[in-house]
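Each chain, letter by letter, is given below.
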Amino acid sequence: MEHVDLVILGAGAAGLFCAGSALAPGRRVLVLDHADRPGEKIRISGGGRCNFTNLATAPDRFLSGNPRFPASALARFRPADFVDLVDRAGIAWHEKTQGQLFCDGRSTQIIDMLLQRMRGAELRLNCVPGAIRHAGDRFEVETGQGRLTAARVVVATGGKSIPKMGATAYGYDVARAFGFGCTEPRPGLVPLTFAEQDLMRYRPLAGVSLEVQISHRGGLFRDALLFTHRGLSGPVILQISSYWLPGEVLELDLVPGEDVTATLKAQRGQAGRMSVATALARMLPERLAQAVAVEMGLAEARLADQPNRVLEVIGRRVNRWQTRPVGTEGYRTAEVTLGGVDTRDLDARTMQARRMPGLHFIGECVDVTGWLGGYNFQWAWASGHAAGLAA
Ligand code: FDA
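Predicted model, so just to flag it, every value in this text is computed and none were measured.

1. A closer look at the site of the ligand
Not every one of the 29 residues close to the ligand is listed here, only the nearest: Ala 14, Asp 33, Thr 168, Glu 364 and Phe 377. A distance of 3.1 Å separates an oxygen atom of the ligand from a polar atom in the backbone of Ala 13. In the environment of the ligand, an oxygen atom lies 2.8 Å from a nitrogen or oxygen atom belonging to the backbone of Ala 14. Starting from 990 Å² of accessible surface for the ligand in isolation, the protein chains cover 92%. Of all elements in the fold, only helix H1 (13-22), helix H2 (40-44) and helix H13 (375-390) reach the threshold of two or more residues within the shell around the ligand. A total of 3 residues in the shell around the ligand trace back to one element, the largest contributor, which is H13. Taken together, the residues of the shell around the ligand break down into 12 nonpolar, 13 polar and 4 charged.

Next comes the structure, spelled out in structure tokens:
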């Protein structure tokens, strides 16, 4: 039977990085993946330019059942460490906004860099891993290409997002088979959808985009909102989707930093003949301003005819716009999967299972999920590095 020192299951961001960190002279490291190409999510990430890290990485930008869990790995492999690798590989990059670093060229440069870094390890594609058994001082791993034994196993098969790209629940199944906890997975960084009656109202706004602020369950974001044919999207919605739970109402400030009631009162004093819709259009995209005015029965109304009470209702509607999405677009479009292998069962320094030495879980299959903006790759690199050094 084939024997290796370390088998890494999953040749995505975390698995490839882990392999590079685990290499040592005379050590046999094998990376298995059921796909026919490694790092497919890296390839499509960041619109093809891979937002490979975020300079503002800190544990409070990650969601987890144990918010302190990611701190150790993140502290030992920082964004600057990854940037150093990128620089040494001669890959040009730029900062877009808010600390987000992207390749100037294609994201395949990052995949090539990771493959180069793990030269010396074996990459076996189109290979489907099955059950893992612990037997004596080693693990037996069934694969579609025969059984193998390994002194150590790292599970890096990611989450359930984008099944079309081959995402599976394998990592969770392995954790459960060994008796570890698994926080219920759910889609994260995903557009939200409207119920049918809201769709009738808001579908005409599809394509309208504006900067808004949302605060929900401890998450606070100010960024672009986009009305779509199905509901709401844009970075601010993707961010808050990781905090939102089905059935909850979201409250958005459509004109952050401006007291809309006060502005409308001032405009009434200066230009009372102006319509409510026109006044709102000075603060909101025109189509949205019109929709708010129509929704309030003020389509033709002039500012001068509105008492303070009405302007206050309009102001509240805009500064505290409430909506109750019916759901999310699901794993089909979700950038990440929230939940996963329970961090209480893992050692934060090594990502090793506390009750099964030699078995590690890294990357997205662990219950650690970053914000939008390069944080999830930084977690993949950092957790992969932590396990690679230890495994
Ligand atoms: P990842 O999903 O990368 O890798 C898992 C690997 O395991 C895959 O190669 C898969 O084929 C393999 N696998 C799965 N099941 C298996 C099984 N049963 N048997 C064998 N192999 C199996 N993040 C970020 O920081 N910046 C960004 O720009 C983006 N952009 C982005 C765009 C899109 C469209 C998506 C879907 C996601 C992103 N992300 C992102 C998120 C980021 O891609 C994600 O968090 C990391 O890829 C997670 O790395 P992992 O290695 O854990 O899983």
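Picking up after the structure, the text goes on.
2. Looking at the packing of aromatic side chains
On inspection of all chains with the given rule, the structure shows 17 aromatic pairs. With a centroid separation of 5.7 Å and 50° between ring planes, the pair formed by Phe 17 and Trp 381 is classed as tilted. On the criterion of sequence distance, the pair formed by Phe 17 in helix H1 and Trp 381 in helix H13 is long-range, its members being 364 residues apart. Of the two residues, Phe 17 and Trp 381, neither departs from the other in class, the shared state being buried. When the centroid spacing of 5.4 Å and the interplanar angle of 15° are considered together, the rings of Phe 377 and Trp 381 count as stacked. Remark: Trp 381 and Phe 377 occur in helix H13; sequence separation between them is 4 residues, near one turn of the helix.

3. Overview of H1
A large share of H1 lies buried, amounting to 10 of its 10 residues. Buried within H1 we find Ala 13, Ala 14, Gly 15, Leu 16, Phe 17, Cys 18, Ala 19, Gly 20, Ser 21 and Ala 22.

4. Comments concerning the UniProt feature "domain: RsdA/BaiN/AoA(So)-like Rossmann fold-like" (unreviewed entry) in the chain
Taking the numbering used here, the UniProt-annotated feature "domain: RsdA/BaiN/AoA(So)-like Rossmann fold-like" (unreviewed entry) corresponds to residues 5-388. The span residues 5-388 is 30% helical and 25% strand by assignment, and the distance between its end C-alpha atoms comes to 12 Å.

5. Observations regarding the side chain of His 385
Mapped onto the elements of the fold, His 385 is located in helix H13. Classification of His 385 as buried rests on a relative accessible area of 17%. Among the polar contacts listed, one links the side chain of His 385 to the side chain of Ser 21, at a separation of 2.7 Å.

6. What to know about the confidence of the model for the chain
Summarising the model, the chain shows a mean pLDDT of 97, and 100% of its residues fall at 70 or more. The ipTM for the predicted assembly is 0.99, set against a pTM of 0.97.

7. Observations concerning the sheet that holds strand E15 (residues 231-233)
Read across the sheet, 7 strands follow the order E17-E16-E13-E14-E15-E12-E18 without closing on themselves; strand pairing throughout is antiparallel. Pairing within the sheet leaves two strands with one partner each, and these edge strands are strand E17 (321-323) and strand E18 (327-328). Two elements, strand E13 (residues 209-216) and strand E14 (residues 219-227), share 8 bridges in a ladder whose sense is antiparallel. Across the sheet, the residue bridging to Ile 214 is Phe 221, located in E14.

8. Re unusual backbone geometry
Despite not being glycine, Leu 189 has its phi angle at roughly 50°, a positive value. Relative to the helices and strands, Leu 189 is located in the loop between strand E11 (182-188) and strand E12 (192-193). A relative accessible area of 2% means that Leu 189 is categorised as buried. The phi dihedral of Arg 217 is positive, around 50°, even though this residue is not glycine. Relative to the elements of secondary structure, Arg 217 occurs in the loop between E13 and E14. According to the relative accessible area criterion, Arg 217 is exposed, its value standing at 52%.

9. Quick look at the domain arrangement of the chain
Here the domain parsing of the chain yields domain 1 (2-187 + 336-390) and domain 2 (191-329). For domain 1 and domain 2, the distance between their C-alpha centres works out to 40 Å. Counting residues at the interface gives 7 residues for domain 1 and 12 residues for domain 2. Both sides together, the interface formed by domain 1 and domain 2 hides about 770 Å², and carbon and sulfur atoms give 52% of it. Contact with domain 2 buries surface across domain 1, with Arg 186, Trp 371 and Leu 372 losing the most and accounting together for 58% of the total.

10. Observations regarding the side chain of Asp 367
Within the secondary structure, Asp 367 is located in the loop between strand E20 (359-361) and strand E21 (369-370). Within the buried core, Asp 367 has no salt-bridge partner, and the shortest N-O distance to an opposite charge, that of Arg 344, equals 7.7 Å. There is a polar contact of 3.0 Å between the side chain of Asp 367 and the backbone nitrogen of Gly 65. Apart from residues no more than four positions distant in its own chain, Asp 367 is found in contact with Leu 63, Ser 64, Gly 65, Thr 183, Gly 339, Gly 340, Val 341 and Thr 343.

Thresholds applied
- Here the residue numbering is sequential within each chain, running from 1 through the sequence in written order.
- Two thresholds apply to this predicted model, a pLDDT of at least 70 for residue-level local features and 80 or more for giving and counting side-chain atom pairs, whereas whole-chain, interface and lining totals are computed over all residues.
- Calculation of side-chain values draws on the structure's entire complement of heavy atoms; hydrogens and water are dropped beforehand.
- We call a residue near a molecule or strand as soon as one heavy atom of that residue lies within 4 Å of the molecule or strand.
- For the purposes of these results, a polar contact is taken to be a pair of N or O atoms within 3.5 Å, where, inside protein, one atom must be able to donate a hydrogen and its partner to accept one; residues adjacent in sequence count only when each atom of the pair is a side-chain atom.
- Each accessible area is a Shrake-Rupley result for a 1.4 Å probe, and residues are judged covered by the shown protein chains and nothing else.
- In DSSP terms, a helix is any run of H or I states spanning at least four residues, a strand is any run of E spanning at least two, and both are numbered starting from the N terminus.
- Ten residue types, Ala, Val, Leu, Ile, Met, Phe, Trp, Tyr, Cys and Pro, are classed as nonpolar, four, Asp, Glu, Lys and Arg, as charged, and the remainder, Gly among them, as polar.
- Side-chain rings of Phe, Tyr and Trp (the six-membered ring for Trp) are treated as a pair once their centres are within 6.5 Å; stacked means planes under 30 degrees apart, edge-to-face means over 60, and tilted covers the remaining angles.
- Relative accessibility decides the category of a residue: with a 1.4 Å probe and only protein chains considered, values under 20% of the type maximum give buried, values over 50% give exposed, and everything between is partly exposed.
- UniProt positions are given in the numbering used here, feature names are shortened, and annotations may be inferred rather than shown by experiment.
- A score from 0 to 100, pLDDT tells how confident the predictor is in each residue.
- Two strands form a pair only when DSSP identifies at least two bridges running between them.
- An automatic or database domain assignment is the source of the domain bounds shown.
- Throughout, a residue-residue contact means that at least one pair of heavy atoms, one from each residue, lies within 4.5 Å.
- Accessible surface is computed with a 1.4 Å probe, and the buried area is the amount of it that two parts give up when combined, taken over both parts together.
- The sign given to each residue is positive for Lys and Arg and negative for Asp and Glu; His and the chain ends receive no count.
- Salt bridge criterion: a side-chain nitrogen from Lys or Arg within 4 Å of a carboxyl oxygen from Asp or Glu.

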